[in-house]
Amino acid sequence: NGSAARVTTSSNGVMIDGARVIKADIEASNGIIHVIDKVILPRKDIVDTAVSAGSFKTLVTAVKAAGLVDTLKGKGPFTVFAPADAAFAKLPAGTVGNLVKNKPVLTSILTYHVIPSRVLSTDLKVGTVEVKTVQGQNVLVTKSKDGSVSINGAKVTAADVLAGNGVIHVIDTVITPEQP
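Trainee: Help me out: how do you make sense of the overall build of the protein chain in this one?
Mentor: If you tally the helices and strands in the protein chain, you get 6 helices and 11 strands. The principal-axis extents of the C-alpha atoms in the protein chain amount to approximately 60 × 35 × 25 Å. Within the span of the protein chain, comprising 180 residues, buried residues form 34% of the whole. Within the protein chain, contacts between residues separated by at least 24 positions form 54% of all contacts whose residues are at least 6 apart in sequence. Averaging the coordinates of the 19 positive side-chain charges in the protein chain and doing the same for the 14 negative ones gives two points 3 Å apart.

Trainee: Looking at this structure, how should I read the pattern of salt bridges?
Mentor: Counted under the stated rule, the structure contains 3 salt bridges. Between Lys73 and Asp45 there is a salt bridge, with the nearest N and O atoms lying 2.9 Å from each other. Of the two residues, Lys73 sits in the loop between α3 (69-72) and β5 (78-83) while Asp45 sits in the loop between β4 (31-36) and α1 (46-53), which places them 28 residues apart along the sequence. With relative accessibility at 34%, the residue Lys73 sits in the partly exposed group.

Trainee: What am I meant to see in the nonpolar core here?
Mentor: Side chains of a nonpolar character, in soluble globular proteins, are inclined to be buried together. Counting 26 residues, the largest nonpolar core has Phe56, Leu59, Leu72, Val80 and Leu110 as the members making the most contacts within it. Here this core takes 4 residues from helix α2 (residues 57-65), the largest share from any one element. Contact partners of Phe56, with chain neighbours within four places excluded, come to Ala50, Ala82, Pro83, Ala84, Asp85 and Val170. Ranked by size, the runner-up nonpolar core spans 12 residues in total, among them Tyr112, Val139, Val156 and Ile175.

Trainee: Please clarify how unusual backbone geometry should be interpreted in this entry.
Mentor: For residues that are not glycine, phi is negative in most cases, and the peptide bond is trans in most cases. Cis peptide bonds are those with omega within 30 degrees of zero, and the linkage from Gly76 to Pro77 qualifies with 5 degrees. Mapping Pro77 onto the fold places it in the loop between α3 and β5. Although it is not a glycine, Asp17 adopts a positive phi angle of roughly 50 degrees. As for its placement among the helices and strands, Asp17 is situated in the loop between β2 (13-16) and β3 (19-28). Here Asn152, not a glycine, exhibits a phi torsion of approximately 50 degrees, which is positive. Mapped onto the secondary structure, Asn152 falls in the loop between β9 (149-151) and β10 (154-163). Relative accessible area serves as the criterion here: at 34%, Asn152 is assigned to the partly exposed category.

Trainee: Whenever I open this one, the sheet that holds β4 confuses me. Can you help?
Mentor: Note on sheets: strands pair through backbone hydrogen bonds, and any given pair is parallel or antiparallel. Strand order across the open sheet formed by 4 strands is β1-β2-β3-β4, with antiparallel pairing between neighbours. Looking at the sheet topology across the chains shown, the edges are occupied by β1 (7-10) and β4. Neighbour-to-neighbour, the strand axes of this sheet turn through a mean angle of 45 degrees, independent of strand direction. The sheet contact formed by β1 and β2 spans 4 bridges and is antiparallel. When the sheet's bridge partners are listed, Thr9 is paired in β2 with Val14.

Trainee: What exactly am I supposed to notice about a nonpolar patch on the surface here?
Mentor: On the surface, a cluster of nonpolar side chains totalling about 250 Å² of accessible area is made up of Ile22, Ile33 and Val35. By the element assignment, Ile33 lies in strand β4. What makes Ile33 partly exposed here is its relative accessible area of 42%.

Trainee: Sorry if this is basic, but what is going on with the sheet that holds strand β8 (residues 138-143) here?
Mentor: Strand order in the open sheet formed by 7 strands is β6-β5-β11-β10-β9-β8-β7, and the pairing between neighbours is mixed. Edge positions in the open sheet fall to β6 (114-115) and β7 (127-132), since each of these has one partner strand only. Sheet topology places β5 next to strand β11 (residues 166-171); 6 bridges connect them, and they run parallel. For Ala82, the partnering residue across the bridge sits in β11 and is Val170. The strands that α1 touches are β5, β10 and β11; relative to β11, the one it contacts most, it runs at about 40 degrees.

Conventions used here
- Residues numbered from 1 in each chain as written.
- Predicted model: local features only at pLDDT ≥ 70, side-chain atom pairs only at ≥ 80, totals over all residues.
- Heavy atoms only, no water.
- Helix = DSSP H or I, 4+ residues; strand = E, 2+ residues; numbered from the N terminus.
- Buried < 20%, exposed > 50% of the residue type's maximum accessible area, 1.4 Å probe, protein only.
- Contact = heavy atoms within 4.5 Å.
- Lys, Arg positive; Asp, Glu negative; His and termini not counted.
- Charge placed at Lys NZ, Arg CZ, Asp CG, Glu CD.
- Salt bridge = Lys/Arg side-chain N within 4 Å of Asp/Glu carboxyl O.
- Core = buried A, V, L, I, M, F, W, Y, C linked by side-chain atoms within 4.5 Å.
- Pairing = 2+ DSSP bridges.
- Axes fitted to C-alpha atoms, helices over the stretch in contact; angles between N-to-C directions.
- Patch = residues over 30% accessible without salt bridge, like charges linked within 9 Å, V, L, I, M, F, W, Y side chains within 5 Å.
- Areas by Shrake-Rupley, 256 points an atom, 1.4 Å probe, with all protein chains shown as cover.

Following this line, the structure appears as structure tokens:
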């Protein structure tokens, strides 16, 4: 269906999106078949994945207020550095309420958390790279030798949450673009 699938190998064998390959490399006239032990369902889009997680209530409310739901449900692919509710809770009291009332500023902040391509943490090399956001400004994405990732200093607390139209990286701080 055009969505990405996560393939992992371990001592338990090969897994595809959580389904175990129980028989591999069966040749067919038009390809190869791998038998798996359960049905793999299509992934939800970024918005529905965030809603299902339950830890992005503030972000989802902000995305709705900014009118970005249809965009983030779109084809993509997108990489979203998603502040969890705890990240929004670190902002000064009243900040989120004021942002929801100021759609242009809210939209600028939210789109600053989005890259218009799919980037997994495993795609990154050790070091820092400057990446352009949907908002238009650049962010600094850093991967340390230990594999940890940050964006503009915000720590990625959960990486590579795959969605049907991209990937989500959970961050511990809301990042903000430079104001003109």
